[in-house]
Amino acid sequence: MFRTKPSRWDLFAALGVVFLACALLLLPLLWQKEGATLVVTTPDGVVGRYALDEDREFTVSARGITLCVVIRDGKACVLRSDCDDGVCVDSGKIHRSGETIVCAPAGVRLRIEGRDADVDFVAG
Amino acid sequence: MSISLRGNPTRRVCMDAMLCAAAMLLSFLEVLLPLNVIPIPGFRMGLANVVVVAVFVLLSPVDAAVVSFVRICLTALLFGSVTSFWFSFLGGAMAFLMLVLLRAVGHRLSYVGVSVLSAAAHNTGQVLAAVVLFGPSLLPSYLPLLLIASVVYGGAVGFLLNLLIPRLSPQFSRLLRKGGKEK
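Keep in mind that this is a model prediction, so the values were computed, not measured. (Residues numbered from 1 in each chain as written. Chains lettered and ligands numbered in written order. Predicted model: local features only at pLDDT ≥ 70, side-chain atom pairs only at ≥ 80, totals over all residues. Heavy atoms only, no water.)

### Overview of the nonpolar core
Moving on, step 1. One finds Val17(A), Leu19(B), Val55(B), Val57(B), Tyr111(B), Leu161(B) and Ile165(B) to be the most contacted residues of the largest nonpolar core, which totals 43 residues.
Moving on, step 2. Of all the secondary structure elements, the ones that give two or more residues to this core are helix H1 (8–31) of chain A together with helix H1 (9–32), helix H2 (48–58), helix H3 (61–79), helix H4 (82–105), helix H5 (111–134) and helix H6 (138–176) of chain B. (Core = buried A, V, L, I, M, F, W, Y, C linked by side-chain atoms within 4.5 Å. Buried < 20%, exposed > 50% of the residue type's maximum accessible area, 1.4 Å probe, protein only. Helix = DSSP H or I, 4+ residues; strand = E, 2+ residues; numbered from the N terminus.)

This is the structure in structure tokens:
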């Protein structure tokens, strides 16, 4: 069905995938802007909007899992989480409009919204 | 050369069950072994795909689909969740569709290219699952990194398949000689 020795077509396939990855990585930078607001969403809906220019630390709980979220120097990240895989903690810091951190076991999503999004309220 | 088990359903079920167990074992092993050198959250090497591709080539696409689907269901039941099931299911479905496509048009590729493209399709399926479950904002940030990782790990799995397939083919033929028909 397929060859068992590497051929140049394998290289073309790999380069095609790398090219697609680079295009997906670089194109959004053309329209992404610095964000202004961190929007926190749980399975119950939007539970908070936090301005990125104010340093703070807060917790978000959903499905029995608690996340500790930190906003510092205009960037947000998950500092600690009770979830099993820790993907949210390993996701690093977000600060550009559209960037997202998701904790799948908890169903929590942290998303950066742009400067033209108003801060409607701040969860206590 | 692939083997048809259509005339022997019992042997077919037993063979598929054994191969599903092998795929699950490889899935479990890659969690235990520190093979994941690219630090992308939640990413795995995909060693179980060695079994799926081998079944696709040496038995039939139907057997490969069965082995893949049963492995995904059992892994989600034993070690995962509903969310992980949908991630694995969509990823596995996309990878399988890529194999079917490459079977028709990819004769110039070796298993390295097949594996790279299947891994890329698998990761694309997983990101699609994330988009459906959590919204479209994950697409820009996660998919490019997963695609690059799929080239590395898909290539490694492909090199493994290049070595294994020629060696497995006579083994499968001998094992199934009494119950199957060579095509």
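### Concerning the packing of H2(B) against H3(B)
Residue and element names in this part refer to chain B.
Moving on, step 1. Orientation of H2 relative to H3, taken along the N-to-C sense of each, is 155 degrees, at an axis distance of 7 Å. Between H2 and H3, the crossing angle belongs to the class labelled roughly antiparallel. In contact with Ala48, Val51, Val52, Val55 and Phe56 of H2, H3 contributes Pro61, Asp63, Ala64, Val67, Ser68 and Arg71.
Moving on, step 2. Residue classes in the contact of H2 with H3 are distributed as 8 nonpolar, 1 polar and 2 charged. (Axes fitted to C-alpha atoms, helices over the stretch in contact; angles between N-to-C directions. Parallel < 35°, antiparallel > 145°, perpendicular 65-115°, else oblique. Contact = heavy atoms within 4.5 Å. Nonpolar A, V, L, I, M, F, W, Y, C, P; charged D, E, K, R; others polar.)

### Some words on the interface of chain A and chain B
Interfaces are often sized by the amount of accessible area the parts lose when they come together.
Moving on, step 1. Facing 27 residues of chain A, the contacting portion of chain B comprises 34 residues.
Moving on, step 2. Between chain A and chain B the total buried area reaches about 2700 Å² when both faces are included, carbon and sulfur atoms providing 73% of it.
Moving on, step 3. Our count for the contact surface shared by chain A and chain B stands at 0 salt bridges.
Moving on, step 4. Of all the elements in the fold, those that place two or more residues in the side of chain A that touches chain B are H1, helix H2 (87–90), strand S6 (100–103) and strand S7 (108–114) of chain A.
Moving on, step 5. In terms of residues, the side of chain A that touches chain B owes the most to one element, H1(A), which gives 11 residues.
Moving on, step 6. Residues of the side of chain A that touches chain B, tallied by class, amount to 16 nonpolar, 5 polar and 6 charged. (Buried area = accessible area lost by both parts, 1.4 Å probe. Salt bridge = Lys/Arg side-chain N within 4 Å of Asp/Glu carboxyl O.)

### Points about the side chain of Asp10(A)
Moving on, step 1. Its location among the elements puts Asp10(A) in helix H1.
Moving on, step 2. Of note is the side chain of Asp10(A), whose polar atom sits 2.5 Å from the side chain of Ser110(B).
Moving on, step 3. In this structure, Asp10(A) is in contact with Lys5(A), Leu109(B), Ser110(B), Val112(B) and Gly113(B), ignoring residues within four places of it in sequence. (Polar contact = N/O pair within 3.5 Å; in protein donor to acceptor, adjacent residues only side chain to side chain.)

### Points about the pattern of salt bridges
Should the charged atoms of two oppositely charged side chains come close, the side chains can pair.
Residue and element names in this part refer to chain A.
Moving on, step 1. Scanning the entire structure with this criterion turns up 5 salt bridges over all chains.
Moving on, step 2. A salt bridge links glutamate 54 to arginine 56, with the nearest nitrogen and oxygen atoms 3.0 Å apart.
Moving on, step 3. The exposure class of arginine 56 is partly exposed, given its relative accessible area of 22%.
Moving on, step 4. Linking glutamate 99 and arginine 96 is a salt bridge whose minimum nitrogen-to-oxygen distance equals 3.9 Å.
Moving on, step 5. Under the relative-accessibility criterion, glutamate 99 is labelled buried at 15%.
Moving on, step 6. According to the relative accessible area criterion, arginine 96 is partly exposed, its value standing at 29%.
Moving on, step 7. Because the salt bridges share partners, they merge into one network encompassing Arg49, Arg111 and Glu113.

### A short note on the packing of aromatic side chains
Pairs of aromatic rings are described using the distance from one ring centre to the other and the angle between the two planes.
Moving on, step 1. A complete count under the given rule lists 8 aromatic pairs over all chains for this structure.
Moving on, step 2. An angle of 15 degrees between the planes, with centres 3.9 Å apart, marks the rings of Tyr50(A) and Phe58(A) as stacked.
Moving on, step 3. On the accessibility criterion, Phe58(A) (11% relative accessible area) is buried.
Moving on, step 4. Taken together, a centroid distance of 5.9 Å and an interplanar angle of 80 degrees make the contact between Phe56(B) and Phe96(B) edge-to-face. Taken as a pair, Phe56(B) in helix H2 and Phe96(B) in helix H4 lie far apart in primary sequence, 40 residues in all.
Moving on, step 5. Judged by its relative accessible area of 1%, Phe56(B) falls in the buried class. (Phe/Tyr/Trp six-rings, centres within 6.5 Å; stacked < 30°, edge-to-face > 60°.)

### Section: the confidence of the model for chain B
Moving on, step 1. Summing up the model confidence of chain B, the mean pLDDT is 82 and the portion of residues at 70 or higher is 81%.
Moving on, step 2. Among the prediction metrics, the complex's ipTM stands at 0.80, with pTM recorded as 0.71. (pLDDT = per-residue confidence, 0-100.)

### Examining the confidence of the model for chain A
Segments scoring low in pLDDT should not have their predicted coordinates read at a detailed level.
All names here are of chain A.
Moving on, step 1. On average, chain A scores 83 in pLDDT, and the residues at 70 or more come to 86%.
Moving on, step 2. When the elements of chain A are averaged for pLDDT, H2 gives the smallest value, 85, and strand S4 (residues 65–72) the largest, 92.
Moving on, step 3. This model gives residues 116–124 a pLDDT under 50, and the stretch forms 16 contacts once residues within four places in sequence are excluded.

### Some points on the environment of Ala119(B)
All names here are of chain B.
Moving on, step 1. Relative to the helices and strands, alanine 119 resides in helix H5.
Moving on, step 2. Accessibility expressed as a relative area gives 15% for alanine 119, which makes it buried.
Moving on, step 3. Measuring from C-alpha to C-alpha, the distance between alanine 119 and valine 50 comes to 11 Å, with 69 residues separating the pair along the chain.
Moving on, step 4. Setting aside residues up to four positions removed in sequence, alanine 119 forms contacts with Ser150 and Gly154.

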